Amino acid sequence: MVHHQNKAIREGDNPDLTAERVTGTFDTHSMAAQIYNSEAHARRRREITEIIAKRPELHDTKPFPFMTREEKILESSRKLTLITKHMNEIIEPNNSNEMFHLNNEVLGIEGHPMALHGIMFIPALTAQASEEQQKKWLTRAINREIVGTYAQTELGHGTNLQNLETTATYDVATQEFVLHTPTITGLKWWPGNLGKSSNYAVVVALMFIKGKNYGPHTFMVPLRDEKTHQPLKGITIGDIGPKIAYNVTDNGFLGFDHYRIPRTNLLMRHTRVEPDGTYVKPPHAKINYSAMVHVRSHMITGQAIMLSYALTIATRYSSVRRQGQIDTTQPEVKVLEYQTQQHRLFPYIARAYAFVFAGAETVKLYERVLEEVATGNVSLMADLHALTSGLKSVVSHYTAQGIEQARMACGGHGYSQASYMSEIFGVAVGGCTYEGENMVMLLQLARYLVKSASLVKTGQSSKLGPLVAYLGAKSDSTSLIDRTPTTGFAEYVKTFQHIARRQTLKAADKFFGLMEKGEKRPIAWNKSSVELNRASRLHTRLYIVEAFVRRVEEVADPRLKEVLTDLLHLHVNYELLDMSTYALEDGFVSSSQLDYVRDQLYFYLAKIRPNAVSLVDSWEFSDQELRSVLGRRDGHVYENLFAWAKASPLNKTDVLPSVDKYLKPLMESARASKL
Ligand SMILES: CCCCCCCCCC/C=C\CCCCCCC/C=C/C(=O)SCCNC(=O)CCNC(=O)[C@H](O)C(C)(C)COP(=O)(O)OP(=O)(O)OC[C@H]1O[C@@H](n2cnc3c(N)ncnc32)[C@H](O)[C@@H]1OP(=O)(O)O
Ligand SMILES: Cc1cc2nc3c(=O)[nH]c(=O)nc-3n(C[C@H](O)[C@H](O)[C@H](O)COP(=O)(O)OP(=O)(O)OC[C@H]3O[C@@H](n4cnc5c(N)ncnc54)[C@H](O)[C@@H]3O)c2cc1C
């Protein structure tokens, strides 16, 4: 067998796809090590995939789109039980990266009965429970003796946590908290796996002691009997019904009727309530929001992966789909030859790489902050909150757009659930809403930016944190893109900095100006909020570009460096064109410079073309993980689409009961009335 750089090549594959892989200029295993941020992790992913491939009991029994919601939940629970039993044979104990991959392969992205257990329940207990509480609950949670979730959002309030209606009132006499849902709108609504699976939850409720409201606090709450799984007395609980996607997860509702829990069920690592009701406040007011920050930090990578699922499917399919001619004397071309197709897909391939590199930095910062907070140092919490608020918003927004572009790039077959595109889109787009609605989170970042702008305006730029130091720097008078013989990334970064700085200072000026004219702060804020959110987006997009540049600078392997540099070129030119209004409006970039940017974009689309399939193959998604007929590694799309259609439940019989019962009589009576 010939040794190829692209490790996805196998004999018997669709030759059109193999031809793409042969033109790849770099080693896809080495690229996987960049994507997954370590050679060891990329290797372990492959090993886990191989183990799973050899265990048919861990495979889907039929395609997900052919199952009802109930069947999917049953099937997912079956596999969850198996992977729990065999976990230590498949992954390293307690390795969350490996667990994430194992789940994606075996259970898939539609969720499973313990999704929130791993993503939020355990992280909440880890960060917020005292050591004594952890001894009591965390080990049991890790061993899966109990199943938990994170119950915060209510029917009436998700964003505005200060106005949650669930109360936890301290009863000094019994040393208990009394949990209560006073209204329908106070029902917990949305928490994943609350509906049917969990028997515990970390519940967020407004804490009242001796009539005083201390705001949202987190409590460990038993919901169901550990033996019978029946709801405990005082608890109303159930599933909220089907959603756009993510339907294997039983998002639920929950109400409390004067439900009592011991005082010691308040999570007390940072906050305490003494038996007499004395409140000991935490070192940072928002320290108990840590489970949200955990998900926001990790979901950047999760979103990049879902974007890459869609791009892998569309790019592979575009290499086997032939339609139309470019040169009418030649046979039909692969649709990937069309510049419009490349323009639709390649900038998103670049974005997916940019997002995964930014995601790796975010997780690193998150882990550092977690360690520091554990020792009482909360100094970086605001920076992490600002960064993750911006990134979750920008990345989830472009991920959803990219998946939809990838779906459309697959033409009609993209609309079939055989492509799996609709599920990928539905799950990913949830990220625009969960963990803080995107507009709301951009406004959180904007608060940080406005404070930073105020430092600049008052001559205190030296106090700016590293993420916003550029706000205090002076701009060149115009962009140097195409004005230096060797225009490089530095000129682009300076241009993005100029754009983000100008918008931030302008939006802050608007806000401060309105207040100077007598508007109250919240009114001035609301009237400036569209401009403020624009600043947040530009700041975040600058951060993403910088993270991409940092990564490319670190890469030693010359072949990888070359293709990643091409992708970065594509990224900066595409981004600049996409935000060109901001660049043009103060004349920082001229229209002739934009022409250069456009030419560069087309140049890099063509340069990336031979590496396109290798760039998506490098994410090393198995067919089991992708669950897409169009995205199959071997490229044998048509015969498998036919097989998939034949397997549709509707094709079990030639004549459906609906035909016997309604259509046949209808046609017969129509014929009879004609006689
Ligand atoms: C590798 C293994 C790990 C795997 C992890 C995988 C992750 C996912 C991968 C994706 C794959 C699959 C997808 C499916 C997954 C689906 C899971 C979905 C789970 C979803 C769960 C939820 O949605 S939970 C509910 C989340 N809810 C929210 O986010 C609510 C949003 N609202 C808020 O956060 C707050 O209300 C808000 C911040 C907007 C305001 O808070 P409030 O207390 O009212 O604030 P104020 O009093 O106004 O004060 C504002 C000041 O507070 C500062 N601040 C706020 N939050 C923080 C914080 N967290 N840290 C630090 N500081 C904070 C803020 O900056 C203000 O400060 P200032 O100085 O006054 O400006
Ligand atoms: C798939 C999924 C899984 C979820 N899982 C969980 C879970 O496990 N646990 C849990 O507790 N919750 C969960 N949620 C709930 C989720 O966190 C909330 O839906 C989310 O935080 C948004 O809050 P909301 O629904 O109240 O939106 P709203 O706040 O009602 O948003 C409606 C509109 O109002 C705007 N808006 C609201 N406030 C402001 C403001 N201050 N300024 C400007 N605009 C504003 C928003 O931008 C939006 O356009 C989940 C949600 C989804 C979709």
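Residues numbered from 1 in each chain as written. Chains lettered and ligands numbered in written order. Predicted model: local features only at pLDDT ≥ 70, side-chain atom pairs only at ≥ 80, totals over all residues.

Even after reading the chapter, I still don't get the overall build of the protein chain, so can you show me in this structure?
Across its full length, the protein chain carries 22 helices and 11 strands. Rg of the C-alpha trace for the protein chain: 27 Å, near the compact-globule value of 26 Å for 675 residues, within the 12% margin. Here the protein chain, with 675 residues, has 46% of them falling under the buried criterion. (Helix = DSSP H or I, 4+ residues; strand = E, 2+ residues; numbered from the N terminus. Rg over C-alpha atoms; globule rule 2.2 N^0.38 Å. Buried ≥ 20, exposed ≤ 12 C-beta atoms within 10 Å, placed from the backbone.)

Quick question: what am I supposed to make of the UniProt feature "active site" (unreviewed entry) in the protein chain here?
UniProt annotation of "active site" (unreviewed entry) refers to Glu-435 when read in the numbering used here. Residue classification places Glu-435 among the buried residues on the basis of 25 C-beta atoms within 10 Å. Not counting residues up to four positions away in its chain, the partners in contact with Glu-435 are Met-292, Val-295, Arg-296, Met-299 and Lys-392. (UniProt positions renumbered as here; feature names shortened; annotations may be inferred. Contact = placed C-beta atoms within 7 Å.)

Mind showing me how you'd approach the site of ligand 1 here?
Residues in contact with ligand 1 amount to 32 residues; listed here are only the nearest, His-298, Gly-302, His-385, Tyr-434 and Gly-436. The element that contributes the greatest number of residues to the shell around ligand 1 is helix α8 (residues 290-320), accounting for six residues. Of the residues in the shell around ligand 1, the class split is 15 nonpolar, 14 polar and three charged. (Near = placed C-beta within 6 Å. Nonpolar A, V, L, I, M, F, W, Y, C, P; charged D, E, K, R; others polar.)

It is not clear to me how the packing of helix α10 (residues 381-409) against helix α12 (residues 421-429) should be interpreted in this structure. Could you clarify?
Closest axis-to-axis distance for the α10/α12 pair is 9 Å, and the angle between their directions is 170°. Viewed along their axes, α10 and α12 adopt a mutual orientation that is roughly antiparallel. Together, Thr-399, Ala-400, Ile-403, Glu-404, Ala-406 and Arg-407 of α10 and Met-421, Ile-424, Phe-425, Ala-428 and Val-429 of α12 make up the contact between the two elements. Taken together, the residues of the contact of α10 with α12 sort by class into eight nonpolar, one polar and two charged. (Axes fitted to C-alpha atoms, helices over the stretch in contact; angles between N-to-C directions. Parallel < 35°, antiparallel > 145°, perpendicular 65-115°, else oblique.)

Just checking my understanding: could you explain the environment of Leu-471 for this structure?
Residue position: Leu-471 is located in the loop between α13 (438-457) and α14 (489-516). The class of Leu-471 is buried, set by 23 C-beta atoms lying within 10 Å. Note: C-alpha distance between Leu-471 and Leu-449 (22 residues apart in sequence) is 9.0 Å. Apart from the residues lying within four places of it in its own chain, the contact partners of Leu-471 are Ser-452, Ala-453, Val-456, Leu-464, Arg-501 and Thr-504.

For this particular structure, what's the right way to read the domain arrangement of the protein chain?
By convention, interface size is frequently given as the accessible area that disappears when the constituent parts associate. When the domains of the protein chain are assigned, the result is domain 1 (36-113), domain 2 (146-282) and domain 3 (291-458 + 493-615). The straight-line distance from the C-alpha centre of domain 1 to that of domain 2 is 30 Å. Across the boundary between the two partners, domain 1 contributes eight residues, which contact 10 residues of domain 2. (Domains from an automatic or database assignment.)

Would you mind showing me how to read the packing of α8 against helix α9 (residues 339-374) here?
For any two helices packed against each other, the geometry is given by the interaxial angle and the distance between the axes. For the pair α8 and α9, the least separation of the axes is 8 Å and the interaxial angle reads 155°. By the angle between their axes, α8 is roughly antiparallel relative to α9. Relative to α9, α8 is oriented so that their crossing is left-handed. Of the residues belonging to the contact of α8 with α9, the class tally is 15 nonpolar, 10 polar and no charged. (Left-handed = near helix turned anticlockwise from the far one by under 90°.)

Looking at this model, I keep getting lost on the site of ligand 2. Mind explaining?
Surveying the vicinity of ligand 2 reveals 21 residues, the closest of which are Gln-152, Thr-153, Gly-158, Thr-159 and Met-439. Those elements that place two or more of their residues in the shell around ligand 2 are β1 (148-151) and α13. The biggest single contributor to the shell around ligand 2 is α13, with three residues. A per-class count over the shell around ligand 2 returns 10 nonpolar, 10 polar and one charged. Taken together, domain 2 (146-282) and domain 3 (291-458 + 493-615) each give at least three residues to the shell around ligand 2, which thus spans both.

Any chance you could explain the pairing of strand β5 (residues 200-209) here in plain terms?
Along any regular strand, the residues point their side chains to alternate faces of the sheet. β5 sits mainly inside the fold: seven of its 10 residues count as buried. The pairing of β1 with β5 spans four bridges and is parallel. Within β5, the residue paired with Thr-149 across the bridge is Ala-201. In this sheet, β5 lies alongside strand β2 (residues 167-171) in parallel orientation, the contact comprising three bridges. Within β5, the residue paired with Thr-169 across the bridge is Phe-208. The sheet contact formed by β5 and strand β6 (residues 212-222) spans nine bridges and is antiparallel. Residue pairing across strands places Leu-206 opposite Pro-216, the latter belonging to β6. Connecting the antiparallel pair β5 and β6 is a turn made up of two residues, with Lys-210 showing a positive phi of about 45°. (Pairing = 2+ DSSP bridges.)

Could you clarify how one ought to interpret unusual backbone geometry in this entry?
With the exception of glycine, the majority of residues adopt a negative phi angle, and the majority of peptide bonds are in the trans configuration. With a phi close to 65°, Arg-144 is a non-glycine residue in the positive phi region. In this fold, Arg-144 is placed in the loop between α7 (131-142) and β1. Positive phi, normally seen in glycine, also occurs at His-229, with a value near 65°. Mapped onto the fold, His-229 is located in the loop between β6 and β7 (235-239).

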